[in-house]
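Spelled out from the first residue to the last, the chains are:
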Amino acid sequence: MSISVQNISKSYGPVQAVKAVSFEVLEGEIFGLIGPDGAGKTTLFRILASLLLPDAGQARVDGLDVVQDYKALRRRIGYMPGRFSLYQDLSVEENLGFFANVFGAHIRDNYDLIRDIYVQLEPFSDRRAGALSGGMKQKLALCCALIHRPRVLFLDEPGTGVDPVSRKEFWDMLRRLRASGITILVSTAYMDEAALCDRVALIQKGEILAIDTPRGLTAAYRHPLFAVRSDDMYRLIRDLRDLTPDADCYAFGEYAHLVVPGGGSPSAAILQYLEARGHTGVELLPVQATVEDSFIDLMKNGVWTT
Amino acid sequence: MNRFFAFVIKEFRHIYRDRRTMLILFGMPVIQVLLFGFVLTNEIKNAAIAILDPSKDEASLRLTSKLLSSGYFRLERSLASADALEPAFRQGKIKLALVFPPGFSHTLRHDGTAQLQLIGDASDPNTATTLINYANAIILDFQREQVALSNPNAPGAPPGIRVETRMRYNPEQKAVFNFVPGVMTLILMLVSAMMTSITLAREKELGTMEVLLVSPLQPLQILLGKTAPYLALSFLNTVLVVALGMLVFGMPMRGSFLLLGLECLLYMFVALSLGIFISTRAKTQMVAMFASALGLMMPTILLSGFLFPRESMPLLLQIISVLFPATWFIPIIKGVMIKGVGLEYLWKETLVLALMALGFIGLSLRNFKNRLE
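Owing to the predicted nature of the structure, the values given are computational and were not obtained by experimental measurement. (Residues numbered from 1 in each chain as written. Chains lettered and ligands numbered in written order. Predicted model: local features only at pLDDT ≥ 70, side-chain atom pairs only at ≥ 80, totals over all residues. Heavy atoms only, no water.)

Before going further, it helps to spend a moment on the domain arrangement of chain A. The assigned domain composition of chain A is domain 1 (3-218) and domain 2 (222-288). When each unit is reduced to the centre of its C-alpha atoms, the spacing between domain 1 of chain A and domain 2 of chain A is 38 Å. (Domains from an automatic or database assignment.)

So, on to a positive patch on the surface. Positive charge collects at one region of the surface, where Lys-204, Arg-281, Lys-283, Arg-366 and Lys-369 of chain B lie side by side. Looking at where Lys-204 of chain B falls in the secondary structure, it is placed in helix 7 (residues 176-206). (Patch = residues over 30% accessible without salt bridge, like charges linked within 9 Å, V, L, I, M, F, W, Y side chains within 5 Å. Areas by Shrake-Rupley, 256 points an atom, 1.4 Å probe, with all protein chains shown as cover. Salt bridge = Lys/Arg side-chain N within 4 Å of Asp/Glu carboxyl O. Lys, Arg positive; Asp, Glu negative; His and termini not counted. Charge placed at Lys NZ, Arg CZ, Asp CG, Glu CD. Helix = DSSP H or I, 4+ residues; strand = E, 2+ residues; numbered from the N terminus.)

On to the interface of chain B and chain A. Much of the literature gives interface size as the accessible area that the parts lose upon coming together. The interface is formed by 27 residues belonging to chain B together with 32 residues belonging to chain A. For the chain B and chain A pair, buried surface summed over both sides reaches about 2,800 Å², with 55% attributable to carbon and sulfur atoms. Seen at the junction of chain B and chain A, the total is three salt bridges. Linking chain B with chain A are 18 residue pairs in polar contact (both at pLDDT 80 or more). Secondary structure elements with two or more residues in the side of chain B that touches chain A: helix 1 (2-17), helix 7 and helix 8 (208-214) of chain B. With eight residues, the top contributor of residues to the side of chain B that touches chain A is helix 1 of chain B. Here the residues of the side of chain B that touches chain A are counted per class, giving 10 nonpolar, seven polar and 10 charged. (Contact = heavy atoms within 4.5 Å. Buried area = accessible area lost by both parts, 1.4 Å probe. Polar contact = N/O pair within 3.5 Å; in protein donor to acceptor, adjacent residues only side chain to side chain. Nonpolar A, V, L, I, M, F, W, Y, C, P; charged D, E, K, R; others polar.)

Before going further, it helps to examine the side chain of Asp-65 of chain A. Residue and element names in this part refer to chain A. By the secondary structure assignment, Asp-65 is in strand 5 (residues 64-65). Within the local environment of Asp-65, its side chain forms a polar contact with the backbone nitrogen of Gln-68, the two atoms lying 3.0 Å apart. When sequence neighbours within four positions are dropped, the list of residues in contact with Asp-65 reads Gln-58, Ala-59, Arg-60 and Tyr-70.

Let us now look at the nonpolar core. Membership of the largest hydrophobic core comes to 96 residues, with the highest contact counts inside it found for Phe-23, Leu-48, Leu-142 and Phe-154 of chain A. It is helix 5 (residues 134-146) of chain A that contributes the most residues to this core, eight residues altogether. In this structure Phe-154 of chain A touches Ile-3, Phe-45, Leu-48, Val-61, Ile-77, Gly-78, Tyr-79, Met-80 and Leu-185 of chain A, once residues within four positions along its chain are discounted. Core analysis: the second largest hydrophobic core is formed by 58 residues, Phe-36, Val-176, Met-251 and Leu-353 of chain B among them. (Core = buried A, V, L, I, M, F, W, Y, C linked by side-chain atoms within 4.5 Å. Buried < 20%, exposed > 50% of the residue type's maximum accessible area, 1.4 Å probe, protein only.)

Quick look at the packing of aromatic side chains now. All chains considered together, the criterion is met by 13 aromatic pairs over all chains. Between Tyr-87 of chain A and Phe-99 of chain A the ring centres are 6.4 Å apart and the planes differ by 15°, which places this aromatic pair in the stacked class. Highlighted residues: Tyr-87 of chain A in the loop between strand 6 (77-80) and helix 3 (92-102) and Phe-99 of chain A in helix 3, separated in sequence by 12 residues. Taking the relative accessible area as the measure of exposure, Tyr-87 of chain A reaches 3% and is therefore buried. Exposure remark for Phe-99 of chain A: the relative accessible area of 2% places this residue in the buried category. With a centroid separation of 5.0 Å and 70° between ring planes, the pair formed by Phe-100 of chain B and Phe-104 of chain B is classed as edge-to-face. (Phe/Tyr/Trp six-rings, centres within 6.5 Å; stacked < 30°, edge-to-face > 60°.)

Before going further, it helps to spend a moment on a nonpolar patch on the surface. On the surface, Met-286, Phe-290, Leu-294, Met-298, Leu-302, Leu-307 and Phe-308 of chain B cluster together into a nonpolar patch covering about 680 Å² of accessible area. Positionally, Met-286 of chain B belongs in helix 11 (residues 285-302).

Attention now goes to unusual backbone geometry. Residues and elements named next belong to chain A. Notably, Asn-7 is not glycine yet its phi reads approximately 50°, a positive angle. For Asn-7, the location among the structural elements is in strand 1 (residues 3-12). Owing to a relative accessible area of 46%, Asn-7 belongs among the partly exposed residues under this scheme. The backbone of Glu-157 shows a phi angle near 45°, a positive value even though the residue is not glycine. Counting through the fold element by element, Glu-157 comes out in the loop between strand 7 (152-156) and helix 6 (164-179). We classify Glu-157 as buried; its relative accessible area is 14%.

The next point concerns the domain arrangement of chain B. Considered domain by domain, chain B is made up of domain 1 (2-40 + 174-367) and domain 2 (47-150). The C-alpha centroid of domain 2 of chain B is placed 48 Å from the C-alpha centroid of domain 1 of chain B.

Moving on to the sheet that holds strand 10 (residues 207-212) of chain A. Residues and elements named next belong to chain A. Reading across from one edge, 6-7-8-3-9-10 is the order of the six strands in this open sheet, with mixed pairing throughout. Two strands close off the open sheet at either side, each with one partner strand: strand 6 and strand 10. Neighbouring strand axes in the sheet, compared pairwise and without regard to direction, differ in orientation by 15° on average. In the sheet, strand 3 (residues 30-34) pairs with strand 9 (residues 199-204) via four bridges, with the strands oriented parallel. Note that in strand 9 the partner of Leu-33 across the bridge is Ala-201. In this fold helix 5 packs onto strand 6 and strand 7, with an angle of close to 160° to the strand it touches most, strand 6. (Pairing = 2+ DSSP bridges. Axes fitted to C-alpha atoms, helices over the stretch in contact; angles between N-to-C directions.)

Next up, the structure:
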């Protein structure tokens, strides 16, 4: 067991940011905390990185208590905060060198760990960190968090503000890191990133809704689901919500996803319904649920009951 | 140790890459010394005066030329009538007017006494008093000469007390002697306290504090690592200010450079630890800046005895002024540079500063949070 969280709670004044959260992360696992902004992900990360004291509950990271053993713990973890937290006025090389020195590590000793990432940064090693693109900044921050070969890596929303190509590269790197035995706890608000984790916890308003593998989550999705589009998407979504009393419809990329609990409406009936409302260019196809569909269902219907 | 040096090097880089910081560090001291040096001076030279002299006789002309050749006064205008006095003062053209009666020489010779009128512009009371005193002294001198002239070896010259004054350490009463120590105190406080108080707050603002906290750096390493570069730079500043004071303004250096250097280091360390103390409490750079500007700069200027003598302050302010390092540092610099005394006379002030430094570092360590919040 690499991370074990038991009934952790944390409040800021009257606002309860984390409510008795419990989960466990296995060694060498990529574990995703998936949830919208304000769900309590950052608070949970800070507690696990020993930066905040929980109001209640216990947490151990790599066998160390996050409150009592914080000094020893800080040598074993790599932490990448959600906001870019390197020195913008120092160059790429200086930033990396600084963090290596601070952790008493040598770049060359752990170079194998960061090589894949750092080769992309090397052409810019003299450039100030503040002048890097969003994707490059994230890669540099990851290098700095890894330079002392941590046992557990905390990445708080690494995908935010990064272009899709860089995000994909970033995740490829995380998978390679996992291969070297590092446990990775990553948070994100992007549902597509969830599918790349080994296991995910869906979190909302400080509570965990479900913990499962991405595949397990989508497999547990039991409602008929359709992707729909027409020439007037806005009206389409509004109309489809009135299809049956408990039908739901929401935008999903260039389509709208239509959920029909109970499954009483076959495709033909839906098409007929739309035609009667004057929709043109209608496309309707049954689809497999994604993590996002599961999450939306969970948010609406409360904790998973399977 | 490697860890600590890495931190110090990083701090140096922050400083020399930020043009604003560099400007404050090295531009400001020079500008301040020069500004204070040339502007803030209570010596009076070439004050504009007007003279109304209807007699234009031997004695009045002689007194006039004696006044004007003193270097303190410059004849701005000769007035034709008493009516011209008021406009001249109103326009602010003159600071002082000297009015002779008609037949000044004659009256003086025959009656043995004559009247003179000095009119000062007391909208600036300090200047007016000083000018009147200067003029009075010159007139008194003139009077003595007059007596000696009229009866060269008269034993019956009126008995009088001749006061012989000597201003020790600063016979010419140069204002530099006061302002160079004052400005040094001020600049070191500004650079040391303000800059360091901003630097920790900046890490908090930019979010880098989070990363530093998660690192194995000890609080003391972070605090001292923040102060070390500024200590070095402030020392350079001290050298600059002392050199400017001596070369440009003729400030004397009668004591030992070594002692001065050590005392300056001590004072800087107090200021730095004060800055660190502020920044352990301030969340943003703005708050840190205001706290150090209002909480440190103003008292340093107003309460330390730099501009206004502490003895004439209300008791409450005198007590408060004891809490500011500047109050203890100014006597030290003055002692070393102007009086040339050694540690045997300055140990008390030095001890107070040392205790302050330890106190603030201790408080900062206690305030420094190992975690966020």
